[in-house]
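Coordinates in review
Read off the chains here:
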Amino acid sequence: MAFPAAAFSSQRLLSSAPRVAPRTFRLYSGSRGRSRSRKEEEKRLGKSSKELDWEHYEFSLNPKQDNRFGSNAALAAGENLDEAEEAREDRLAAKKMEDENNAFKNLDPQIIKAAKEILEPFINEDRLQRVSTVLKQRTKRSKFLFENPSNPSNVWACLRTIDSFGIQNVDVVIESGMYSKKQALNQKRGMRTAMGSAQWLSLKNHGSTADAIREIRDVQGYKVYASDLNPNSKDVREIDWDEGPICIVMGNEDRGISEEMRELADETFTLPMCGFAESFNLSVATSITLAHMSANSSEGKGPLRPGDLDDHEFNCLYLKGLLNSLPQKRTGNALLKQNGIELPEIFDFL
């Protein structure tokens, strides 16, 4: 997906009145004071905003230079990034993500029940109610797949939007060989940070497009619909959302989906536009697609079907929600151990 910026110019207004100096109109309202504040914030950027907070996230004034994803530090320090080492880190991150997902899925239902009873008294009622309410609206009928994205800030924005529409599962293809040179490697490193911080979603990292499609379509049974600006793509408004479980694919911010994905997808679709810009920003395209999906979902039909998680998956996510709601990461494990419940070792690092 290419994202060219549209250029705007002010027009001279003609009238019979005496000529006056032309005025420049702002596309968005602003002021000199706001401009000064922005400059002050830009100077401050990266110093006071170091944490990624899923529920109270403040978008950066300069996404490409957002230190919360760790993308800036290596460049500023002149650190040399080795492609082979970064590829190894990609594999380790993918394995860690898989191990974490399996750790919850493989828990005995009785252990989950006992753990919930121990942890709930340490979390306020409002928080418990919120975790339960959110999970009851989750759906696994649809999922998203991002193919080799390059901007961690974009990915983070997409993940939060997907969360807000109730989709639980998101997959990402990170082919290490598609990222070369310092800037790309650095952004890929930031992607690992973004994905690792998305604690309320179930994420899966694939090493290649072929591996992703093999699992998502052939094993899990999803239809694969890829967003693509080709003349044969179907208008998003013409998609049959009830054909089966659907995986929406979003491509790279600059290149779009790969030719391999184009051939493997069951369908490609496009978002209608009537302006001069050729395509939407990745997070905007994701939001518009989700809005279409939501508009076509009601009464148990369509791509978003709240409450379709099975009991075990719901309870696993509820326990994860309890652990994430405690003030310190290791508090939950400590409380459980005091009461004779030993979770697998990987929980010490969640």
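Our subject in this report is the structure included herewith. (Residues numbered from 1 in each chain as written. Predicted model: local features only at pLDDT ≥ 70, side-chain atom pairs only at ≥ 80, totals over all residues. Heavy atoms only, no water.)

Right, let's get into the sheet that holds strand β3 (residues 202-206). The seven strands lie next to each other as β3-β2-β1-β6-β4-β7-β5, forming an open sheet whose pairing is parallel. The sheet terminates laterally at β3 and β5 (234-235), the two strands that pair on one side only. Relative to β3, strand β2 (residues 169-173) is paired through five bridges, and the arrangement is parallel. Its bridge partner lying in β3, Val 170 is registered against Leu 203. Lying over the sheet, helix α6 (residues 152-164) contacts β1 (142-147), β2 and β3, oriented at roughly 175° with respect to β1. (Pairing = 2+ DSSP bridges. Helix = DSSP H or I, 4+ residues; strand = E, 2+ residues; numbered from the N terminus. Contact = heavy atoms within 4.5 Å. Axes fitted to C-alpha atoms, helices over the stretch in contact; angles between N-to-C directions.)

Further remarks concern unusual backbone geometry. Positive phi is not limited to glycine here, since Asn 148 has a value of about 50°. Note that Asn 148 resides in the loop between β1 and α6. Look at Glu 299: it is not a glycine, yet its phi comes out positive at around 50°. Take Glu 299: it is sitting in the loop between α10 (282-295) and α11 (311-325). By relative accessible area, which is 81% here, Glu 299 ends up exposed. (Buried < 20%, exposed > 50% of the residue type's maximum accessible area, 1.4 Å probe, protein only.)

In terms of burial, β2 is largely enclosed, as five of its five residues are buried. Of the two faces of β2, the one lined by Asn 169, Asp 171 and Val 173 and the one lined by Val 170 and Val 172 are each fully buried. Looking at chain direction, β1 and β2 are connected through four bridges and run parallel. Looking at β2, one finds that Leu 145 is bridged to Asp 171.

Before going further, it helps to examine the side chain of Asp 228. As for its position among the elements, Asp 228 is in the loop between β4 (223-227) and β5. Overall, Asp 228 belongs to the buried group, its relative accessible area being 8%. When near neighbours in sequence (up to four residues on either side) are disregarded, Asp 228 contacts Ser 233, Ile 257, Arg 262, Thr 268, Phe 269 and Thr 270.

Listed in full, the buried residues belonging to helix α8 (residues 209-219) are Thr 209, Ala 212, Ile 213 and Ile 216. In an axial view of α8, the angular spread of the buried residues amounts to 90°, which keeps them on one side of the axis. The exposed residues of α8 that point more than 90 degrees off its buried face are Asp 218 and Val 219. In the core, the buried residues of α8 are packed alongside β1, β2, β3, β4, β6 (246-250) and α9 (259-264). Downstream of α8 by one or two residues, Gly 221 has phi in the positive range, about 85°. (Arc of directions from axis to C-beta.)

With the rule as written, the count across this model stands at two aromatic pairs. A centroid spacing of 6.1 Å and a plane angle of 25° characterise the contact between Phe 144 and Phe 146, whose relative ring orientation is stacked. For the ring pair Phe 314 and Tyr 318, a centre distance of 6.4 Å and an interplane angle of 5° mean the geometry is stacked. Residue Phe 314 and its partner Tyr 318 are both found in helix α11; the two are separated by four residues, about one turn of the helix. Residue classification places Tyr 318 among the buried residues on the basis of a relative accessible area of 7%. (Phe/Tyr/Trp six-rings, centres within 6.5 Å; stacked < 30°, edge-to-face > 60°.)

With respect to the secondary-structure elements, Ser 297 resides in the loop between α10 and α11. Relative accessible area serves as the criterion here: at 17%, Ser 297 is assigned to the buried category. What Ser 297 contacts, discounting residues up to four positions off in sequence, is Gly 302, Pro 303 and Leu 304.

Let us now look at the packing of α6 against α10. Interaxial distance between α6 and α10 falls to 8 Å at its minimum, and their mutual angle equals 15°. Classed by the angle they form, the pair α6 and α10 counts as roughly parallel. The handedness of the crossing between α6 and α10 is right-handed. Two secondary-structure elements touch here, α6 through Asn 154, Ala 157, Cys 158, Thr 161 and Ile 162 and α10 through Leu 282, Ser 283, Thr 286, Ser 287 and Leu 290. Looking at the contact of α6 with α10, its residues break down into five nonpolar, five polar and no charged. (Parallel < 35°, antiparallel > 145°, perpendicular 65-115°, else oblique. Left-handed = near helix turned anticlockwise from the far one by under 90°. Nonpolar A, V, L, I, M, F, W, Y, C, P; charged D, E, K, R; others polar.)

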